[in-house]
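Topology and contacts: notes
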Amino acid sequence: MDVYISVDMEGISGIATVDQVVRGGHGYPRAQELMTAEANAAIAGAFDAGAENVTVNDSHGTMDNFLQDALDERARLVTGSPKAQCMAHGLGGEHAVALFVGYHAPGGCPGVLAHSFSSQFSWLKLNGRIVSEAEVNALLAAEHGVPVGLVTGDDQICGLAERVFPGVATAPVKRAEGFSAANSLHPRRAQAMVRAAAAEAVRRAADLRPVEIPDRLELTGGFQTAAAAEYAAEVPGARRIDDTTVTCEVSDPTALVGLIGVWFATSSLAARSRLPLVTLR
């Protein structure tokens, strides 16, 4: 059995502040250790349950966060960015189940470091409803016939996962106390919880079903600035609703992830264009 694991950082136990999740922050090196250890717990759980091959995708930020020599050597690692399928890159029909580790709530909702793919987005909506990274990645998994078996993170994303992914196992390793505050389990207890939940998900993989892909996929982005929305509206088929809101319909989950990537890149360009004004003295 082949198992796919996508690992983000914001939902890892003990992580709560921006300083921890941004390269160069004082807390970032320790966050790398915590992220690597929790990934190892999920890998171990997958092998405990009979996995033969495990692929791990580094899904946070620059996507090169793992301490690679400390990662379980039985797993293969997909690292670096940009990647065409972003947080679900490397996932394919050969995988029996997808595990999402260290995930977080979507932008516009409560949760530790809640956001949707980029801080450049205030929120993302799919067919009129705020959507999380986990849900977008689940659609891409469904395109390959792969179900989501596990989501770990804070209580907010775990609660959301239980509502939208039938039969999913969850591991709420911390409780959100604010955007940058959390009540966390001790890392070793969190890792034990993740390992057990990963094993449960892999054992039950044959009983799980992929999420349904809607007939219509309309993505609406709330951008932080009017300049970002102006760039985003230049995507063929996109329509600007107001100063900071753009909508666009796509054909399938692969195109959905591609659109998010393009919007992220253009909004980042818009943000960089404002830096001279922000830093002007």
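Attention in this report is confined to the structure presented alongside it. (Residues numbered from 1 in each chain as written. Predicted model: local features only at pLDDT ≥ 70, side-chain atom pairs only at ≥ 80, totals over all residues. Heavy atoms only, no water.)

**Quick word on a nonpolar patch on the surface**
Together, Val18, Val22 and Phe179 give the surface a local cluster of nonpolar side chains, amounting to about 270 Å² of exposed area. If you trace the backbone, Phe179 turns up in the loop between strand 8 (169–178) and strand 9 (181–184). According to the relative accessible area criterion, Phe179 is partly exposed, its value standing at 48%. (Patch = residues over 30% accessible without salt bridge, like charges linked within 9 Å, V, L, I, M, F, W, Y side chains within 5 Å. Areas by Shrake-Rupley, 256 points an atom, 1.4 Å probe, with all protein chains shown as cover. Salt bridge = Lys/Arg side-chain N within 4 Å of Asp/Glu carboxyl O. Helix = DSSP H or I, 4+ residues; strand = E, 2+ residues; numbered from the N terminus. Buried < 20%, exposed > 50% of the residue type's maximum accessible area, 1.4 Å probe, protein only.)

**Focus on the packing of aromatic side chains**
A full pass over the atoms with the stated rule returns 3 aromatic pairs. Note on Phe223 and Trp263: the rings are 5.5 Å apart at their centroids and 70 degrees apart in plane angle, and the pair reads as edge-to-face. Taken together, the residues Phe223 in strand 10 (residues 217–223) and Trp263 in helix 7 (residues 253–278) connect sequence positions 40 residues apart. Note on accessibility: Phe223 and Trp263 belong to one class, buried. Taking the ring centre of Trp123 as reference, the NZ or CZ of Lys125 above it sits at 4.8 Å. (Phe/Tyr/Trp six-rings, centres within 6.5 Å; stacked < 30°, edge-to-face > 60°. Lys NZ or Arg CZ within 6 Å of the ring centre and 35° of its normal.)

**Some words on the pairing of strand 9**
Pairing between strand 8 and strand 9: 4 bridges, direction antiparallel. Paired with Arg175 across the two strands is Asn183, which belongs to strand 9. Counting the residues between successive antiparallel strands, the hairpin from strand 8 to strand 9 contains 2 residues. (Pairing = 2+ DSSP bridges.)

**Considerations on the nonpolar core**
Residues Val151, Phe165, Phe223, Leu256, Ile260 and Trp263 are the most contacted members of the largest nonpolar core, which totals 44 residues. The dominant element in this core, judged by the number of residues it contributes, is helix 3 (residues 133–143), at 6 residues. Within the second largest apolar cluster, 41 residues are counted, among which are Met35, Leu71, Val112 and Val194. (Core = buried A, V, L, I, M, F, W, Y, C linked by side-chain atoms within 4.5 Å.)

**What to know about the packing of helix 2 (residues 28–48) against helix 5 (residues 187–203)**
Following both chains from N to C, one finds helix 2 and helix 5 inclined at 35 degrees, their axes separated by 7 Å at the closest point. Relative to helix 5, helix 2 is oriented so that their crossing is right-handed. For the pair helix 2 and helix 5, the contacting residues are Leu34, Ala37, Glu38, Ala41, Ala42, Ala44, Gly45, Ala46 and Asp48 in the first and Pro187, Ala190, Gln191, Val194, Arg195, Ala198, Ala199, Val202 and Arg203 in the second. In terms of residue class, the contact of helix 2 with helix 5 is built from 12 nonpolar, 2 polar and 4 charged. (Axes fitted to C-alpha atoms, helices over the stretch in contact; angles between N-to-C directions. Left-handed = near helix turned anticlockwise from the far one by under 90°. Contact = heavy atoms within 4.5 Å. Nonpolar A, V, L, I, M, F, W, Y, C, P; charged D, E, K, R; others polar.)

**Some words on the environment of Ile241**
With respect to the element layout, Ile241 can be found in strand 11 (residues 239–242). For Ile241, a relative accessible area of 47% puts it in the partly exposed group. Spatially, the C-alpha atoms of Ile241 and Met87 are 28 Å apart, while their sequence positions differ by 154 residues. For Ile241, the residues in contact, after removing those within four places along its chain, are Thr220, Val246 and Thr247.

**Considerations on unusual backbone geometry**
In the segment running from Ser81 into Pro82, the intervening peptide bond is cis, with an omega of 5 degrees. Looking at the element boundaries, Pro82 is found in the loop between strand 3 (76–78) and strand 4 (95–103). Here Met63, not a glycine, exhibits a phi torsion of approximately 60 degrees, which is positive. Counting through the fold element by element, Met63 comes out in the loop between strand 2 (53–58) and strand 3. Under the relative-accessibility criterion, Met63 is labelled buried at 5%. Despite not being glycine, Asn127 shows a phi value in the positive range, around 55 degrees. The residue Asn127 is located in the loop between strand 5 (121–126) and strand 6 (129–130) in this model.

**Topic: the pattern of salt bridges**
Under the counting rule described, the total for this entry stands at 8 salt bridges. With a closest N to O distance of 3.2 Å, Glu177 and Arg175 form a salt bridge. The class for Glu177 is partly exposed, based on a relative accessible area of 45%. One continuous salt-bridge network, built from bridges that share partners, spans Arg216, Glu218 and Glu249.

**So, the sheet that holds strand 10**
With antiparallel pairing, 5 strands are arranged side by side in an open sheet as 6-5-10-12-11. Edge positions in the sheet fall to strand 6 and strand 11, since each of these pairs with one other strand and no more. Pairing of strand 11 with strand 12 (residues 245–250) involves 3 bridges; the strand directions are antiparallel. Note on strand 12: the bridge partner recorded for Asp242 is Thr245.

Note that all results are geometric; they support no functional claim without further evidence.
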